[in-house]
Amino acid sequence: KKTVRDIDVKGKRVFCRVDFNVPMQNGVVTDDTRIRAALPTIQYLMEQGAKVILASHLGRPKGKVVEEMRLNAVAERLSELLGKRVVKTDEAYGDAVKAAIAEMNEGDVLLLENVRFYPGEEKNDPELAKAFAELADVYVNDAFGAAHRAHASTEGIAHHLPAVAGFLMEKEIEVLGKALSNPDRPFTAIIGGAKVKDKIGVIENLLDKVDNLIIGGGLAYTFVKALGYEIGKSLLEEDKIELAKSFMEKAKEKGVNFYMPVDAVVADDFSNDANKKVVNIDEIPSDWEGLDIGPKTRELYRDVILKSKLVIWNGPMGVFEMDAFAEGTKAVAQALADAKDTYTVIGGGDSAAAVEKFRLADKMDHISTGGGASLEFMEGKQLPGVVALNDK
Ligand code: 3PG
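All residue numbers here refer to positions counted from 1 along the written sequence of the relevant chain. Since the coordinates come from a predicted model, pLDDT governs what is reported: local features require at least 70, and pairs of side-chain atoms require 80 or more to be given and counted, while whole-chain, interface and lining totals use all residues.

Here we come to the overall build of the chain. Scanning the chain from N- to C-terminus turns up 15 helices and 17 strands. The size measure is the radius of gyration over C-alpha atoms, and the globule rule it meets is 2.2 Å times the number of residues to the 0.38 power. Its C-alpha atoms give the chain a radius of gyration of 23 Å, near enough to 21 Å, the size a compact globule of 392 residues would have. Remark: residues whose backbone-derived C-beta atoms lie within 7 Å of one another are considered to be in contact. Sequence separation of at least 24 residues holds for 73% of the intrachain contacts in the chain that already meet a minimum separation of 6. In this description a helix means any DSSP run of H or I spanning at least four residues, a strand means any run of E spanning at least two, and both kinds are numbered starting from the N terminus.

This next bit is on the site of the ligand. In the vicinity of the ligand, the contacting residues are Asp19, Asn21, Arg60, Gly145, Ala146, Arg149, Gly371 and Gly372. Residues are grouped as follows: nonpolar covers Ala, Val, Leu, Ile, Met, Phe, Trp, Tyr, Cys and Pro; charged covers Asp, Glu, Lys and Arg; every other residue, Gly included, is treated as polar. Taken together, the residues that form the shell around the ligand break down as one nonpolar, four polar and three charged. As a rule, any residue with its backbone-derived C-beta atom within 6 Å of a molecule or strand is reported as near that molecule or strand.

Moving on, we come to the UniProt feature "binding site: substrate" (unreviewed entry) in the chain. UniProt positions are given in the numbering used here, feature names are shortened, and annotations may be inferred rather than shown by experiment. Within this numbering scheme, the UniProt entry marks Asp19, Phe20, Asn21, Arg34, His57, Leu58, Gly59, Arg60, Arg116 and Arg149 as carrying the feature "binding site: substrate" (unreviewed entry). We classify aspartate 19 as buried; it has 28 C-beta atoms within 10 Å. Residues within four places of aspartate 19 in sequence aside, it is in contact with Arg34, Ser56, Ala143, Phe144, Gly145, Ala146 and Thr369. With respect to the secondary-structure elements, histidine 57 resides in the loop between strand 4 (51-55) and helix 3 (72-82). Residues with at least 20 other C-beta atoms within 10 Å of their own are called buried, those with 12 or fewer are called exposed, and the rest are partly exposed. The C-beta atoms themselves are positioned from the backbone. For histidine 57, a count of 27 C-beta atoms within 10 Å corresponds to the buried category. When sequence neighbours within four positions are dropped, the list of residues in contact with histidine 57 reads Asn21, Asn114, Val115, Arg116 and Ala146.

What follows is about the UniProt feature "binding site: (2R)-3-phosphoglycerate" (unreviewed entry) in the chain. With numbering matched to this structure, UniProt assigns "binding site: (2R)-3-phosphoglycerate" (unreviewed entry) to Arg34, Arg116 and Arg149. A tally of 26 C-beta atoms within 10 Å means that arginine 116 is categorised as buried. If near-sequence neighbours (up to four positions away) are discounted, arginine 116 is found in contact with His57, Arg60, Pro61, Gly63, Glu121 and Glu122. Note on placement: arginine 149 falls in the loop between strand 7 (138-141) and strand 8 (163-165). Classification of arginine 149 by C-beta neighbours within 10 Å gives buried; the count is 22. Sequence-distant contacts of arginine 149, that is, excluding residues within four places in its chain, are made with Thr154, Pro384 and Gly385.

Here the focus is the sheet that holds strand 8. With respect to topology, six strands assemble into an open sheet ordered 5-6-4-1-7-8, the strand pairing being parallel. In this open sheet, the two strands that pair with only one neighbour each are strand 5 (87-88) and strand 8. A strand pair is defined by DSSP finding two or more bridges across the two strands. As defined by bridge partners, strand 1 (residues 13-17) adjoins strand 7 across four bridges and the pair is classed as parallel. Within strand 7, the position partnered with phenylalanine 15 by the bridge is tyrosine 139.

Turning next to the nonpolar core. Note on terminology: a nonpolar core is any set of buried Ala, Val, Leu, Ile, Met, Phe, Trp, Tyr and Cys residues joined through C-beta atoms within 7 Å. Core analysis: the largest hydrophobic core is formed by 127 residues, its most contacted members being Val14, Phe15, Val52, Ile53, Leu54 and Phe132. Dropping the residues within four chain positions of it, phenylalanine 132 is found in contact with Phe15, Tyr93, Ala152, Ser153 and Ile157.

Taken together, the buried positions of helix 8 (residues 200-207) are Val202, Ile203 and Leu206. On an axial view of helix 8, the arc spanned by its buried residues comes to 95 degrees, and they lie on one face. Tucked into the core, helix 8 has its buried residues touching strand 9 (187-191), strand 10 (212-215), helix 10 (241-254), strand 15 (310-314) and helix 14 (372-378). The directions considered for the arc run from the helix axis to the C-beta atoms.

When a strand is regular, its side chains alternate between the sheet's two faces. Of the pairings in the sheet, the one linking strand 15 to strand 16 (residues 343-346) comprises four bridges and is parallel in character. Across the sheet, valine 311 pairs through a bridge with threonine 344, a residue of strand 16. Between the parallel pair strand 15 and strand 16, the chain is carried across by helix 12 (residues 327-338), and the sense of this crossover is right-handed. Direction of pairing for strand 16 relative to strand 17 (residues 366-367): parallel, over a ladder of two bridges. Residue pairing across strands places isoleucine 346 opposite isoleucine 367, the latter belonging to strand 17. Read as a crossover between parallel neighbours, the route from strand 16 over helix 13 (residues 349-357) to strand 17 is right-handed. Note on handedness: a clockwise path from strand one over the helix to strand two, with the strands aimed away from the viewer, defines a right-handed crossover.

With an omega of 0 degrees, the peptide bond between arginine 185 and proline 186 qualifies as cis. Tracing the chain through its elements places proline 186 in the loop between helix 7 (167-181) and strand 9. A positive phi angle, near 50 degrees, is found at asparagine 26, a position not held by glycine. Mapped onto the elements of the fold, asparagine 26 is located in the loop between strand 2 (24-25) and strand 3 (28-29). The exposed category is assigned to asparagine 26, around which 7 C-beta atoms lie within 10 Å.

Shown next as structure tokens:
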């Protein structure tokens, strides 16, 4: 794929799709990770003398204007980070936007309004894609986090303009792509999170690639049940028990070491101040639910992590939002931080939030800015936003 390096952008209007879908509270950006992740591309374009027109979605406004989802606060934060005023328009295309762009000088940055205020965005309406394309001479996609969406600003527009990847997009694809195609070994995947159903594709795809597969989180209990143990009130997907069995069989056939919890922190209520205790995995009391991996499991997983050359982590080991059940997830994050000879990849979403929470983010080699996007990538799917690049 071509990148911003391969094209001449001097004096050109560049429509740059970024993923500024950041958390906000009371009109203030509370985590600017995604904004900072896009800075290398934005700064490069500025230095090259481009007129940088940024586009992003925020939240899921469903094709309507939602005041709290305007991008004004994002523009403010970006201005601070760039040390330069970013012009923000109240629309994402049309005459007023064109007029604002006509005022731009080389190296200027403009941020369009939330592209999801228009129903055509998520429908990938060709008319909207054309309206976006009319604003610019070149298209750059740096929104890895939204690359799994075939929307007007992520996919449709690429059919109308020379289209290349930004640096963030390039790095994400390079790191995740190498892990899946040519990994350093031992290669370990840690899959957690609440539900088996959300991780089926990933587990299926990774079973063909990894040396070790570690599971944790709510989804692990369906596997425990599949082994024939009682799991009390722990999360169970009845209709996924057979699938869990088949995953364990496949792992055996393929010579993949399959690790699952050997003990658990169980609680008598789903709350931070519930009564809790540690039990072996085959001793979960009927009225209790497993909410975290236990200390023996943490040790076991740490060992596997430290012996790996490459680890991909997607999904927490327990209910880490509650401090009482955060220790398992923290232990995995800490093991990754301590694994000096291991290339550590955090597959976005909750795991990224976890390493952030435990202040270990700077100890990881790569933290993906994609949640759904990195998951689909790890499932082996083609991302429409990536496929569309170079279309013209
Ligand atoms: C994300 O936060 O994962 C991306 O910005 C995509 O958002 P979406 O799931 O609303 O499409």
